[in-house]
Amino acid sequence: MDGWDVAIVIVKVLVVFALLLAATILLVWIERKVVADMQNRIGPERAGPWGILQTLADGLKLLFKEQIRPNKVEVGMYLLAPVLTLLPAFLIFMVIPIGVPFTVTLGGVERVVSMQGTDLNVGLLYILAMSSLAVYAVVLAGWSSGSKYPLLGGVRATAQAISYEAAMGLALVPVVFYAGSLSISEIVAAQSGTWGGIVPRWNIVPLFLSFVIFFIAIIAETNRAPFDLVEAEQEIVGGFHTEYSGFRFACFFLAEYINMFNMSAIAATLFLGGWNGPTFGLTGFVSWLLPIIYFFIKTFVLIFIFMWVRATLPRFRYDQLMTLGWKRLIPAALLWLVLSAVVVGWRQFGAPWT
Amino acid sequence: MNLADYLPIAIMLLLVIVFAGASIGLGNLLGPRRPTPEKLAPYECGIVPELEPSQRFPVKFYLVAMLFVIFDIEIIFLFAWAVRFRELGWFGLAAVGIFTALVIETLGYVWKRGALDWNIPRRARYRLSHDVADEEAA
Amino acid sequence: MSDWFSEPANWVFLVLALVIAVSAVRVVTSTNVVHSALFLVLALGATAGLFLLLSAEFVAWVLVLVYIGAVIVLFLFGIMITRAPTGPNVEMDHRPRAPAAMAAFLMFIVTAGSGLTAFGDQEITRLGDGTSTELIGEQLLQRFVIPFEVVSFVLLAALIGGITLARRDASPAEEEATEEEVQA
């Protein structure tokens, strides 16, 4: 590992960082436009062409707002929580491959640069671990605010997150035994090709139920409607970030949208084949660019579903939320796991008595 | 594996800390600071806060967290088995099947003991006061 | 000695070990119980870093997922269901510090001593080819399959114990009493 390799790593990190920020700016605008359209409104249209700079304007405005620090807060944790919420949001995307590798010659050596922050061979475990860390920012923000509503929101959020994380993890087990690896790049590679030249070999085809469970779980994990009890305005004001203002509030907002992008990207990678897609026999630059385009198309389709769900469904009641998580999704995930394991086992090892 | 795999993650970690620290610091610098006693009080929709937010939470939250620990361990074991699915064959499948059956049994036990029922007392009260038939309980 | 310092991994080890030691001390000396839990998170996170240094990736991330992501959250809930103090709690500070320090030191001697006598300078060899996850999966379901199954019983027993302690089932008489109360 020489200086050039380190430089490549730094460039990769900067690219991921910029990508996530750009995605957030775009995502907030898309969401406002899409939801406005579904509700027969126009949505933002003043800042920039079609209002595309609205998010930037909002962010800048928040930068110039007073960052109130109420006198009941527990200072250390209160200041730490906004930073903690950004950490897993940015770190989780580091293992997602967004395209095929390319080669460059730097310092007289030919180097293969993968379109992935880093290819951990426990990538899937890393994703689960990082999303479980996201709980801390919420619970700390709620606890340190020294106010009723944030505390309620924080505890609600934690119970919700851990309930759906269990469902999420169980839904991913079939993906692992289909690919035989926890490495994200190998999971993507296992989904290349087609069945009979027509149906793509994506995990969503044999594991449709896993995908549905996983998708519901990630909506709950990102605290999006209809699972946004964490910040149910009518009951607990703003939830865990009630006492935050200015750019500290913006951090929570940013993390929420980055997480939505991350989770859609993860779902696209694990179930929709990631960057896989037809290359039409093209070579060179186009064959490198196409997978990246496929990856973003798939991700944005899932993001659109996120927004569609938000605009369509009313918020759950807390007992309904827990019932759905523990009495529906988890038993379904367990049974589906056993069923698919037996079917795959039967096909691979023959009948158990032979 | 080697530690170089974790270099990008370490760099990203630093970058995010610097970014968050810098932008919050900038916000402190650019934003006004005009505290008033009302502004600094905990926000409760305009009502003067009287009670400390130190009420206890229902024990159900704790039970959910306990159940989650068990499922987390289950997921870990299943991952370890799933990467060697082909090599372990029917033997592995049977071993994991027994393990999973016990976890399902655990879930069933918790379900039956009512630890997964939220809001039941209030629902029951609603049914009684509104004279609704008991069909929902089934 | 200069050899030891020229190896970058040793520097990482040194930093992680310091983080673990300092945060472990803060876990027991902090007067705020939530702070204690968070220092425990820091100590566990650094321990996961040590496992990464040992190329035990699977164990490292399991530590993060299960301990930081689940067990400490359980602790935090435990704190919240009893009370959620935002300030320091004087009762947290125990008088007998010297015996506690003594016990901790003896514990350190025992663990460090048994580690050294068991392994010493011996090189640890890998069990075979493959990633740490694959090796653990194989060992778990072949050599250690009986303990693996026993674990599921232990988990079930732990949960039954927890529920018995946390929830007192209402007897039929009590249930009737509640219903009467509701009707009244």
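Residues numbered from 1 in each chain as written. Chains lettered and ligands numbered in written order. Predicted model: local features only at pLDDT ≥ 70, side-chain atom pairs only at ≥ 80, totals over all residues.

Student: Please explain the overall build of chain C as it appears in this structure.
Tutor: When helices and strands are counted, chain C shows eight helices and zero strands. Ordered by position from N to C terminus, the α and β elements of chain C give α-α-α-α-α-α-α-α. By the burial criterion, 24% of the 184 residues in chain C qualify as buried. (Helix = DSSP H or I, 4+ residues; strand = E, 2+ residues; numbered from the N terminus. Buried ≥ 20, exposed ≤ 12 C-beta atoms within 10 Å, placed from the backbone.)

Student: Would you explain the domain arrangement of chain C in this entry?
Tutor: You'll often see interface size given as the accessible area lost when the parts meet. The domains assigned to chain C are domain 1 (1-87) and domain 2 (130-168). A separation of 23 Å is found between the C-alpha centroids of domain 1 of chain C and domain 2 of chain C. (Domains from an automatic or database assignment.)

Student: Help me out: how do you make sense of the interface of chain B and chain A in this one?
Tutor: Residue-level contacts link 57 residues of chain B with 66 residues of chain A. With 17 residues, helix α1 (residues 7-30) of chain B is the single largest residue contributor to the side of chain B that touches chain A. In the side of chain B that touches chain A, the residues fall into 41 nonpolar, nine polar and seven charged. (Contact = placed C-beta atoms within 7 Å. Nonpolar A, V, L, I, M, F, W, Y, C, P; charged D, E, K, R; others polar.)

Student: I tried to follow the environment of Val138 of chain A on my own but got confused; where do I start?
Tutor: All names here are of chain A. Looking at the secondary structure, you find Val138 in helix α4 (residues 123-144). Look at Val138 and you get buried, because 28 C-beta atoms sit within 10 Å. With 20 residues separating them in the primary sequence, Val138 and Thr158 have C-alpha atoms 7.4 Å apart. Excluding residues within four positions of it along the chain, Val138 makes contact with Gly154, Ala157, Thr158 and Phe240.

Student: Sorry, what's going on with the interface of chain A and chain C here?
Tutor: Contact residues are listed per partner, giving 18 residues for chain A and 15 residues for chain C. When residues of the side of chain A that touches chain C are traced back to their parent elements, those giving at least two are α4 and α5 (148-179) of chain A. Looking at the side of chain A that touches chain C, the element that brings in the most residues is α4 of chain A, giving nine residues. In terms of residue class, the side of chain A that touches chain C is made up of 13 nonpolar, four polar and one charged.

Student: Please clarify how the confidence of the model for chain A should be interpreted in this entry.
Tutor: Parts of the model with low pLDDT should not have their predicted coordinates read in detail. Mean pLDDT over chain A: 85, with 97% of residues reaching 70 or higher. When pLDDT is averaged over each helix and strand of chain A, the minimum, 63, is found for helix α8 (residues 233-236) of chain A and the maximum, 92, for helix α7 (residues 208-221) of chain A. (pLDDT = per-residue confidence, 0-100.)

Student: Where do I start with the packing of α4 of chain A against α5 of chain A in this structure?
Tutor: Two packed helices can be described by the angle between their axes and the distance between those axes. Residues and elements named next belong to chain A. It is the contact of α4 with α5, at a shortest axis distance of 8 Å, that shows an interaxial angle of 175 degrees. By the angle class used here, α4 and α5 are roughly antiparallel. For the contact of α4 with α5, the class distribution of residues is 15 nonpolar, seven polar and one charged. (Axes fitted to C-alpha atoms, helices over the stretch in contact; angles between N-to-C directions. Parallel < 35°, antiparallel > 145°, perpendicular 65-115°, else oblique.)

Student: Got a minute to help me understand the packing of α4 of chain A against helix α4 (residues 57-82) of chain C in this structure?
Tutor: Closest axis-to-axis distance for the α4 of chain A/α4 of chain C pair is 9 Å, and the angle between their directions is 25 degrees. One way to sum up the angle between α4 of chain A and α4 of chain C is to call them roughly parallel. Handedness of the crossing formed by α4 of chain A with α4 of chain C: left-handed. On α4 of chain C, the residues touching Leu125, Tyr126, Leu128, Ala129, Ser132, Leu133, Val135 and Val139 of chain A of α4 of chain A are Phe58, Trp61, Val64, Leu65, Ile68, Gly69, Val73 and Leu76 of chain C. In terms of residue class, the contact of α4 of chain A with α4 of chain C is made up of 14 nonpolar, two polar and no charged. (Left-handed = near helix turned anticlockwise from the far one by under 90°.)

Student: What exactly am I supposed to notice about the nonpolar core here?
Tutor: Generally speaking, soluble globular proteins have nonpolar side chains that are buried together. Core analysis: the largest hydrophobic core is formed by 188 residues, its most contacted members being Leu125, Ala167, Val176, Phe214 and Ala217 of chain A together with Ala65 of chain B. Ranked by residue count, the leading element in this core is α5 of chain A, at 21 residues. Apart from the residues lying within four places of it in its own chain, the contact partners of Phe214 of chain A are Met168, Ala171, Leu172, Ala267 and Phe271 of chain A. (Core = buried A, V, L, I, M, F, W, Y, C linked by C-beta atoms within 7 Å.)

Student: Could you clarify how one ought to interpret the environment of Val139 of chain A in this entry?
Tutor: In this structure, Val139 of chain A sits in helix α4. Taking C-alpha positions, Val139 of chain A is 7.6 Å from Phe240 of chain A, a pair spaced 101 residues apart along the chain. Not counting chain neighbours up to four residues away, the residues in contact with Val139 of chain A comprise Gly154 and Thr158 of chain A together with Leu76 of chain C.

Student: Would you take a moment to explain helix α2 (residues 54-63) of chain A for this structure?
Tutor: Every α-helix carries 3.6 residues per turn, so stepping three or four residues along brings you back to the same face. Residues and elements named next belong to chain A. The complete set of buried residues in α2 reads Gln54, Thr55 and Leu62. Here the buried residues of α2 occupy an arc of 100 degrees about the axis, which is enough to place them on one side. At its buried positions, α2 is contacted by α1 (3-38) and α9 (246-271). (Arc of directions from axis to C-beta.)

Student: Can you help me understand unusual backbone geometry in this one?
Tutor: Negative phi characterises most residues that are not glycine, and trans characterises most peptide bonds. In this structure, Asn223 of chain A is a non-glycine residue whose phi angle is positive, near 55 degrees. Positionally, Asn223 of chain A belongs in the loop between α7 and α8. The class of Asn223 of chain A is buried, set by 23 C-beta atoms lying within 10 Å. The phi torsion at Ser55 of chain C lies on the positive side, around 65 degrees, for a residue other than glycine. Here Ser55 of chain C shows up in the loop between α3 (33-53) and α4.

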